[in-house]
There are 2 protein chains.
Amino acid sequence: MARASTTSDVFNAIAEPQRRVIIALLADGRKYSVGQLVDSIRLAQPAVSKHLGVLRTVGIVSVERVGKSRMYSLNANALKPVHDWVKPYEVFWSRQLDRIQSRAERMAASIKPQPELTENKGDNHGCDK
Amino acid sequence: MARASTTSDVFNAIAEPQRRVIIALLADGRKYSVGQLVDSIRLAQPAVSKHLGVLRTVGIVSVERVGKSRMYSLNANALKPVHDWVKPYEVFWSRQLDRIQSRAERMAASIKPQPELTENKGDNHGCDK
DNA sequence: TTGACATATTCCTTTATAGGAATATAATCG
DNA sequence: CGATTATATTCCTATAAAGGAATATGTCAA
């Protein structure tokens, strides 16, 4: 099977470096036209438009027509799933490795219940120990 | 050009849902053999081994040989770049849209200096306004 | 309407998967 | 050693993607 579609998953959408560049450009909350973004990125206009299309599909950016231009703005809320996913792991590096084990085990419950795509058919997986 | 290699970028590594499942399984800080992971995931052993190979290449997991088994454990530090990248956007949803604009502009400086892959050849991009 | 400008879309090529099947490698046991 | 178990690797196929080139679509101005 091929990779998951990039237009249906925020994680895939932000996996593309150029798209992260676009997101960073929009991070000041202002609206940018495609042309302005093209000037800032080493990429042709069609490519930028395609990336914007992906970001739009996933909900990371919003468009607004202004004259002949289309003004794109960041909809950062769409990035929240990424933040929510990675946040629990923060404890692993925020505190230096003292007694990480116990904290990690306490934390496990807050991470595991995110099967996302795979339904684990609920069978007990022979955990270690 | 094709997509960036998944074996050289943490963002691409975690873009695969099954790999996030594996990461979640390892989140309790314990070591799991490949077989134990296979029992927990609806995926054949070779596929799991390949995913583990990707995660290992990117540094998200570590391996340790124990008898005929190989015990995998999470190296969450490798996820820090993702956290660092998404954290600045947290303000967008943590506070309800009151005066986000000004905060966003203050924040811009902390986000923009992450060109990652693209060297923006330093030219001024015609910002809006 | 025509022309210029801004952006999106289509077509095409190269590349990179993800996963299945079969096989190779490694380590333990008798 | 030979058999068994555990894991990795190779081969293969279907799918998807990124970007370039060319073109279509849409909007404004004269």
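For clarity, every value in this text was computed on a predicted model and none was experimentally measured.

A. Representation of the confidence of the model for chain A. For chain A, mean pLDDT is 83; residues scoring 70 or higher make up 72% of the total. Confidence drops under a pLDDT of 50 for residues 113-129 of chain A, and excluding neighbours within four residues, the segment shows 24 contacts in the predicted structure.

B. Up close: helix 4 (residues 45-58) of chain B. Residue and element names in this part refer to chain B. Over its 14 residues, helix 4 runs 20 Å from end to end, which matches the ideal 20 Å to within 8%, given 1.5 Å per residue. Of the positions making up helix 4, those classed as buried are Val-48, His-51, Leu-52, Gly-53, Val-54, Leu-55 and Val-58. Remark: Gly-59 follows helix 4 within two positions and exhibits a positive phi of approximately 95°.

C. Quick peek at the packing of helix 2 (residues 17-25) of chain A against helix 4 (residues 45-58) of chain A. Residue and element names in this part refer to chain A. Contact geometry of helix 2 with helix 4 gives a least axis separation of 10 Å together with a crossing angle of 80°. In terms of axis orientation, helix 2 runs roughly perpendicular to helix 4. Contacts between helix 2 and helix 4 involve Gln-18, Arg-19, Ile-22 and Ile-23 from the former and Val-48, His-51, Leu-52, Val-54 and Leu-55 from the latter. Classifying every residue of the contact of helix 2 with helix 4 by side-chain character gives six nonpolar, two polar and one charged.

D. View of the packing of aromatic side chains. Counted by the stated rule, this structure contains six aromatic pairs over all chains. Relative to Tyr89(A), the ring of Trp85(A) lies with its centre 5.4 Å away and its plane at 50°, an arrangement referred to as tilted. Each of the two residues, Trp85(A) as well as Tyr89(A), counts as buried. With a centroid separation of 5.7 Å and 85° between ring planes, the pair formed by Phe11(B) and Trp85(B) is classed as edge-to-face. Within this pair, whereas Phe11(B) is found in helix 1 (residues 10-13), its partner Trp85(B) is found in helix 5 (residues 80-86), the two being separated by 74 residues in sequence. Look at Trp85(B) and you get buried, because its relative accessible area is 5%. Within the aromatic cluster, the residues linked to one another by ring pairs are Phe11(A), Trp85(A), Tyr89(A) and Phe92(A). Lying over the aromatic face of Phe11(B), Arg20(A) brings its terminal NZ or CZ to 3.8 Å of the ring centre.

E. Inspection of the nonpolar core at higher detail. Counting residues in each nonpolar core, the largest one holds 70 residues, and the members touching the most others are Ile60(A), Leu79(A), Tyr89(A), Ile60(B), Leu79(B) and Tyr89(B). Ignoring sequence-local partners within four residues, the contact set of Leu79(A) consists of Val10(A), Ile14(A), Ile23(A), Ile60(A), Trp85(B), Val86(B), Tyr89(B) and Trp93(B).

F. Examining the side chain of Ser73(B) more closely. All names here are of chain B. Structurally, the position occupied by Ser-73 is in strand 3 (residues 69-74). By relative accessible area, Ser-73 is classed as buried at 13%. Each residue touching Ser-73, except ones within four places of it in the same chain, is listed here: Leu-26, Arg-30, Lys-31, Ile-60, Val-61 and Ser-62.

Analysis parameters
- Residues numbered from 1 in each chain as written.
- Chains lettered and ligands numbered in written order.
- Predicted model: local features only at pLDDT ≥ 70, side-chain atom pairs only at ≥ 80, totals over all residues.
- Heavy atoms only, no water.
- pLDDT = per-residue confidence, 0-100.
- Contact = heavy atoms within 4.5 Å.
- Helix = DSSP H or I, 4+ residues; strand = E, 2+ residues; numbered from the N terminus.
- Expected span 1.5 Å × (residues − 1).
- Buried < 20%, exposed > 50% of the residue type's maximum accessible area, 1.4 Å probe, protein only.
- Axes fitted to C-alpha atoms, helices over the stretch in contact; angles between N-to-C directions.
- Parallel < 35°, antiparallel > 145°, perpendicular 65-115°, else oblique.
- Nonpolar A, V, L, I, M, F, W, Y, C, P; charged D, E, K, R; others polar.
- Phe/Tyr/Trp six-rings, centres within 6.5 Å; stacked < 30°, edge-to-face > 60°.
- Lys NZ or Arg CZ within 6 Å of the ring centre and 35° of its normal.
- Core = buried A, V, L, I, M, F, W, Y, C linked by side-chain atoms within 4.5 Å.

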